[in-house]
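Structure assessment
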Amino acid sequence: MATAERIYGVLLSETMDLKTYYSLDFGGAAPDVCLLNPDEVTRPEDIRFAACWLPGPDAFAPYPNLEMAMSVGAGVDALLNHSGLNKDVAVCRVRDPHQAHLMAGYAVHEVVHFEREFPQMARNQVAANWDPLPIRAPADLKVVVLGNGSMGAAIVRALAAVGFAVSVACRRPPEDPIAGVTYFTGDNSVAESVVGMNVVINTLPLTAHTENVLNANLFSRLAKGAWLVQIGRGEHLAEADFIAALESGQLSGATLDVFRTEPLPADHPFWQDQRLRITPHIASDTMPHIVSEQVLLSARELLSGAPLSLSVNSAQGY
Ligand code: GLV
């Protein structure tokens, strides 16, 4: 089926119908790029790229000539950690400028929800109880953001704009530091930054260094009764340590948007735990039209032999 002017790709996901969700059926609009579901592929050897979200364990096996695997989301952990993906396959990702704003809105919402005690307000409403709580200055709430990538930095800007006392843990010093924000840099930045914090927001990429980073040691450094906003990846959270921190009151609760298994199984105890606020991985998502544009762009770069402008640094892990 291959011709020199046409490039073939495959859509790989265990959890989503990518073609429908992201409008990846280019049809007549892009005669040079043909994206197929696995059951539509008749000549696997012609497949040169894959567009992926949580590909299954054997997803890449049928395609011997794959040159590029692209994540339709910002995270590439599911590709870089995939044992079936050859190391010489270039990894790319969608870069959607809207995602950082979505993340910032979500994070500010959760911090304010905790800070202004909205759960108590909801209980008061049921009892028709007008009972304002004393107002505290936002600057009295210490919030730390783990990670200063495009998502982390947007959250930091938004939290600082409404007056919270914001710290950041990042590996390298920021290129454009925000006045009034405290930056902790280097290999110990996470441990140093969380001391005495009331809220910790995790936006770290998932790498070998960051797996289980939300653990007993980190929780013990927070202020008593702190709140966790977990919008990184499920594998960042050491779940037994997390439950212990909730039981001891070291954490008063958490907002969880990402999980080790997604969708979160119906019988998972997190669903019933009143200390948790659970959302289905919607803190941010890529816009379908941007996914479609950037998958086309990357496929055409591959077809023409141009450098892949959306590739990630595999050694760094993001
Ligand atoms: C969301 O988690 C993404 O990777 O885009």
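How each quantity is defined
- Residues numbered from 1 in each chain as written.
- Predicted model: local features only at pLDDT ≥ 70, side-chain atom pairs only at ≥ 80, totals over all residues.
- Heavy atoms only, no water.
- Domains from an automatic or database assignment.
- Contact = heavy atoms within 4.5 Å.
- Buried area = accessible area lost by both parts, 1.4 Å probe.
- Salt bridge = Lys/Arg side-chain N within 4 Å of Asp/Glu carboxyl O.
- Helix = DSSP H or I, 4+ residues; strand = E, 2+ residues; numbered from the N terminus.

The name given to the chain in an unreviewed UniProt entry is Hydroxyacid dehydrogenase, and the organism recorded there is Thalassospira lohafexi.

Considered domain by domain, the chain is made up of domain 1 (7-96 + 286-304) and domain 2 (99-278). Taken over C-alpha atoms, the centre of domain 1 sits 32 Å from the centre of domain 2. Taken together, the contact between domain 1 and domain 2 spans 9 residues of the former and 7 residues of the latter. Surface buried jointly by domain 1 and domain 2 totals about 670 Å² across both partners, of which 47% is contributed by carbon and sulfur atoms. When the buried surface of domain 1 facing domain 2 is broken down by residue, Ala74, Asp77 and Asp96 rank first, second and third, together holding 48% of it. Where domain 1 meets domain 2, there are 1 salt bridge.

Let us now look at the pattern of salt bridges. Evaluated as defined, the whole model comprises 10 salt bridges. Taking the shortest distance from any N to any O, the salt bridge between Arg277 and Glu110 comes out at 2.7 Å. Taken together, the positions of Arg277 in strand S12 (residues 276-278) and Glu110 in helix H3 (residues 97-115) put the pair 167 residues apart, joining distant regions of the chain. Of the charged contacts in the structure, one is a salt bridge between Arg275 and Glu247, with a shortest N-O distance of 3.0 Å. Of the two residues, Arg275 is situated in the loop between strand S11 (251-256) and S12 and Glu247 in helix H8 (residues 239-248); the sequence distance between them amounts to 28 residues. Where salt bridges share partners, they join Arg43, Glu45 and Asp46 into one cluster.

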